[in-house]
Amino acid sequence: MSQRVAFLCLGTMGFPMAGHLASAGHEVCVYNRTAERSRTWLDLHAGRSAASPAEAARDAEFVFLCSGNDDDVRAVVEGESGALSGMRAGAVLIDHTTGSAELARALAEQAEQRGIGFLDAPVSGGQAGAERGALTVMVGGAPTHFARAEALMRCYARKIGHMGPAGSGQLTKMVNQICIAGVVQGLAEGLRFADRAGLDAIAVVDVISKGAAQSWQMDNRAATMIEGRFDFGFALDWMRKDLGIALDEARRNGSRLPLTALVDQFYAELQADGDGRLDTSSLIKLL
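Figured I'd write up the structure that's included with this text. Treat the numbers as computed from the prediction; the structure is a model and nothing was measured.

The helix and strand inventory of the chain stands at 13 helices and 9 strands. Judged by the C-alpha coordinates and their principal axes, the chain covers about 65 × 45 × 35 Å. Considering the chain as a whole, with its 287 residues, one finds that 49% of them fall into the buried category. Here the chain has roughly 13,200 Å² of accessible surface; of this, 51% comes from carbon and sulfur atoms. Mean positive and mean negative side-chain charge positions of the chain (28 and 34 charges, respectively) differ by 2 Å.

Right, here's the structure in full:
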């Protein structure tokens, strides 16, 4: 069944995600701070654009958002021109931004006061996953809101998990990024070790990728790490933002994340060298 939806912020992820909703036959109204981006989207997809988040959200049953960080989300959601001021009671706001659990809980409370549903639903899979409609979505919020929005999220997701109350999606994404950081660092060290040991690193990967060392990072990034190519979708600038959120949360809940903190320092070194836009697999450069 076709739904009236709004999609706010047409960045690297949001642009194709909104496109999948339109391709599935939903009535999509888009908003982007830079209007030219909206016009480019409308050249490719059926829909309309709005001049503000509130305008885009006014007639929508579901409002989607995928922005950069907590401050960006607040700018789009709160205030007179923000999405919440335009949304009607009974609508659901789905935030796909990777941000803090603290903000997710605050937005859920604001939305509830207006009779609006809220889901924090960060994604994993990068630009390629968004373009293929193969993202993983980690969702926090009330089960009733999740049940209503799940079918729409399946337009661009291959796996969706409801993880618990508001904030749980963001906490799950933190686990995701913690695990990735350790795997990428281990892969970088292993590839450099293979090279120093006089082995053919490609041949090594071909063998060990069929055993217990196998990972998504190995399958998708080992060859390009060996070649020194780091021009992929998820920049280390964004990874540092995500790891910072995880480390802040760890300080609040008493978790010890020594490896995560170390990898975050390595990414900081790369940033200081001007490499912030490189893919996260660029960790190998430091070795």
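From this point on, the discussion continues.
What follows covers the environment of Met 218. Within the element layout of this structure, Met 218 appears in helix H11 (residues 216–227). Each residue touching Met 218, except ones within four places of it in the same chain, is listed here: Leu 187, Val 205, Ile 208, Ser 209 and Ala 213.

To continue, consider the side chain of Asp 120. Along the chain, the position of Asp 120 falls in strand S6 (residues 117–120). Salt bridges are absent for the buried Asp 120, whose nearest opposite-charge side chain, Arg 105, sits at 7.9 Å. Here the side chain of Asp 120 touches Gly 167 through a polar contact of 2.8 Å, landing on its backbone nitrogen.

Okay, the pattern of salt bridges next. A complete count under the given rule lists 11 salt bridges for this structure. The shortest N-O distance in the salt bridge between Arg 39 and Glu 36 comes to 2.9 Å. Separated by 3 residues within a single helix, Arg 39 and Glu 36 lie in helix H2 (residues 35–44), roughly one turn from each other. Overall, the relative accessible area of 43% leaves Glu 36 in the partly exposed class. The salt bridge involving Arg 252 is made with Glu 249; its shortest N-O contact spans 3.1 Å. Taken together, the residues Arg 252 and Glu 249, both in helix H12 (residues 236–253) and 3 residues apart, mark about one turn of the helix.

Here we come to the packing of aromatic side chains. Summed over the entire model, instances satisfying the criterion amount to 2 aromatic pairs. Ring plane angle 85 degrees and centroid distance 6.4 Å describe the contact between Phe 64 and Tyr 156, whose orientation is recorded as edge-to-face. Remark: Tyr 156 occurs in the loop between helix H8 (143–153) and strand S9 (157–164) and Phe 64 occurs in strand S4 (residues 62–65); sequence separation between them is 92 residues. Members of the aromatic cluster, joined through ring pairs, are Phe 7, Phe 64 and Tyr 156.

Position of Leu 187 among the secondary structure elements: in helix H9 (residues 168–196). The residues touching Leu 187, leaving out its near neighbours within four places in the chain, are Gln 217, Met 218, Ala 222 and Met 225.

Here we take up the pairing of strand S2 (residues 27–31). Across the 5 residues of S2, 4 count as buried, placing the element largely inside the fold. Here strand S1 (residues 4–8) runs beside S2; their pairing, made up of 5 bridges, is parallel. In the sheet register, Arg 4 faces S2, and the bridge partner there is Glu 27. Between the parallel elements S1 and S2, the chain passes through helix H1 (residues 14–23) in a crossover that is right-handed. By the bridge criterion, 2 bridges tie S2 to strand S3 (residues 48–49) in an arrangement that is parallel. Pairing of Cys 29 across the sheet is with Arg 48, part of S3.

By the element assignment, Arg 221 lies in helix H11. Those residues in contact with Arg 221 that sit more than four places away from it in its chain are Trp 216, Phe 232, Asp 279 and Ser 281.

Thresholds applied
Residues numbered from 1 in each chain as written. Predicted model: local features only at pLDDT ≥ 70, side-chain atom pairs only at ≥ 80, totals over all residues. Heavy atoms only, no water. Helix = DSSP H or I, 4+ residues; strand = E, 2+ residues; numbered from the N terminus. Buried < 20%, exposed > 50% of the residue type's maximum accessible area, 1.4 Å probe, protein only. Areas by Shrake-Rupley, 256 points an atom, 1.4 Å probe, with all protein chains shown as cover. Lys, Arg positive; Asp, Glu negative; His and termini not counted. Charge placed at Lys NZ, Arg CZ, Asp CG, Glu CD. Contact = heavy atoms within 4.5 Å. Salt bridge = Lys/Arg side-chain N within 4 Å of Asp/Glu carboxyl O. Polar contact = N/O pair within 3.5 Å; in protein donor to acceptor, adjacent residues only side chain to side chain. Phe/Tyr/Trp six-rings, centres within 6.5 Å; stacked < 30°, edge-to-face > 60°. Pairing = 2+ DSSP bridges. Right-handed = clockwise from strand over helix to strand, strands pointing away.

Any functional reading would require information beyond the geometric quantities listed.
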